[in-house]
Amino acid sequence: MLAKTKRQTIALVIATIVLGIIVGFSSLLLGQLLDIVERLFLQFEENAHIPVATAATPINRLLSVTLGGIIVALIWYALQRYGKPTVSINKALQGEQMPFGVTIIHVMTQIFYVATGGSIGRELAPREAGTLMAQTWQKFAGRIGLATLSADDQRLLLAAAAGAGFAGIYIAPITGMLFAVEILLKRVDIRTISVSLSMSVIAMLVGSITKGFVPYYLIAHKDFSIKMLPFVVVVALMMGVLGGLFRRGFQWAGKHSAKSQQILWQLPLVALLTGIIAMKMPQIMGNGRGLAEFSFVNLDQNVVVFLLVGAALKTIMTLLTIKVGVAGGTLTPSIAIGGALGSIVGFAYMVIMPGLSMATIAQAGVIGAVGFLAASQQAPLMALFMLFEVCHLDSSALLPLGLTVALASVSSKLVLK
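Residues numbered from 1 in each chain as written. Predicted model: local features only at pLDDT ≥ 70, side-chain atom pairs only at ≥ 80, totals over all residues. Heavy atoms only, no water.

> What should I look at first to understand the packing of helix α15 (residues 380–391) against helix α16 (residues 398–416) in this one?
For any two helices packed against each other, the geometry is given by the interaxial angle and the distance between the axes. Between α15 and α16, the least distance of the axes is 9 Å, while the angle of their chain directions is 150°. The hand of the α15/α16 crossing is right-handed. Across the interface between the two elements, Pro380, Ala383, Leu384, Leu387 and Phe388 from α15 touch Leu398, Leu401, Gly402, Val405 and Ser409 from α16. Here the residues of the contact of α15 with α16 sort into 8 nonpolar, 2 polar and no charged. (Axes fitted to C-alpha atoms, helices over the stretch in contact; angles between N-to-C directions. Helix = DSSP H or I, 4+ residues; strand = E, 2+ residues; numbered from the N terminus. Left-handed = near helix turned anticlockwise from the far one by under 90°. Contact = heavy atoms within 4.5 Å. Nonpolar A, V, L, I, M, F, W, Y, C, P; charged D, E, K, R; others polar.)

> Just checking my understanding: could you explain the nonpolar core for this structure?
Among soluble globular proteins, nonpolar side chains are generally buried collectively. Membership of the largest hydrophobic core comes to 132 residues, with the highest contact counts inside it found for Leu267, Ile335, Leu387, Leu393 and Leu401. Not counting residues within four places of it along the chain, the set of residues in contact with Leu267 comprises Gly69, Val72, Ala73, Trp76, Tyr113, Gln262, Val324 and Val326. (Core = buried A, V, L, I, M, F, W, Y, C linked by side-chain atoms within 4.5 Å. Buried < 20%, exposed > 50% of the residue type's maximum accessible area, 1.4 Å probe, protein only.)

> Sorry, what's going on with a nonpolar patch on the surface here?
On the surface, a nonpolar cluster with roughly 500 Å² of combined accessible area is contributed by Val233, Val234, Leu237, Met238, Leu242, Leu245 and Leu403. Looking at the element boundaries, Leu403 is found in helix α16. (Patch = residues over 30% accessible without salt bridge, like charges linked within 9 Å, V, L, I, M, F, W, Y side chains within 5 Å. Areas by Shrake-Rupley, 256 points an atom, 1.4 Å probe, with all protein chains shown as cover. Salt bridge = Lys/Arg side-chain N within 4 Å of Asp/Glu carboxyl O.)

> Teacher, can you tell me more about the pattern of salt bridges here?
When their charged atoms lie close together, side chains carrying opposite charge are able to pair. One pass over the structure, following the stated rule, counts 5 salt bridges. The partner of Glu46 in a salt bridge is Arg289, with the nearest N and O atoms 2.8 Å apart. Taken together, the positions of Glu46 in the loop between α1 (2–42) and α2 (58–82) and Arg289 in helix α11 (residues 289–297) put the pair 243 residues apart, joining distant regions of the chain. Judged by relative accessible area, which is 6%, Arg289 ranks as buried. Each of Glu46, Arg122 and Arg289 takes part in salt bridges that share partners, so that together they form one network.

By themselves, these figures tell us nothing about what the structure is for.
Right, here's the structure in full:
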């Protein structure tokens, strides 16, 4: 019995290392696909300084999203009509097998649509790819004679690989680990943390080959002041309620999403609407990085109306995009919406509390983003560390952001019961 347990532990260690490398490369390749499509359709290369195609002509943005919507509508219709049904990560954790070819096409289609400007997050694709790689490895390991893992360890590998997919594309290993243990497994112990964090770190190192260790979002001022705590209490409670409502919205949209022939006309129609809005406001395109970055670095009070309209439109278009059958993530759209709303409240806070520096606005955006994200995902630890990792924050942010996720998580229960 002891020898069998030892063999299983060795097999788990080997799987963790191998899958960290494989999943890291899958995230790297998906990132490269995103860059290629953005250059082809919008003639720009995304980075923290240029997060959205503001330099593209309005017509170019309209055509990019609309054409992208038509293409992905045809692909997803064909997959539903002629391919095997896709299997979600949660169902894979319950033992269902993800069809390899269909899942690969499904994942690449998600990245393609985000790259053309579709209003949805890109983080679901690398997570699904990671889970698929883990299932494929388990089949291969059985054929080459590695010890068969227990059912719990098999689930652990699938969850860890999903988190590693996120870590590889956003260079955020702690967030990847917490996604696995806090959202998927809902179990925190030494084994789950060790496997998930190790795999995410390896995937992050591989993914950083092309992306490097740079912030995903730039912040105008990172030195958080204790004077922000009264603001934190107000905005955290507000973001908790609004984030909870957003969660209810995207859950409803996913449950009632378009199927089969409905996709053929509904998806292109929403893509066209997205393109029309993007002609004037490109920040709503893609996963919302442009809107979030705008709220984190723009310290001019004249942008309040722009931020309010941007938050409203990003919310509406993301929910509509999910409703018409598009698969994708909601983490980064949550950061965009919460960041814009937090900055708006920050401008009001400066009026009430004179003498604060303009750094308050940038920090208000980050506080709003982390509160909205914690509420919409019901994962306070993941939200906290995600903002730390993608913004490269320092220890001065720990108290205000920690208090924010705690209060937002509590207030979100008002609308999620």
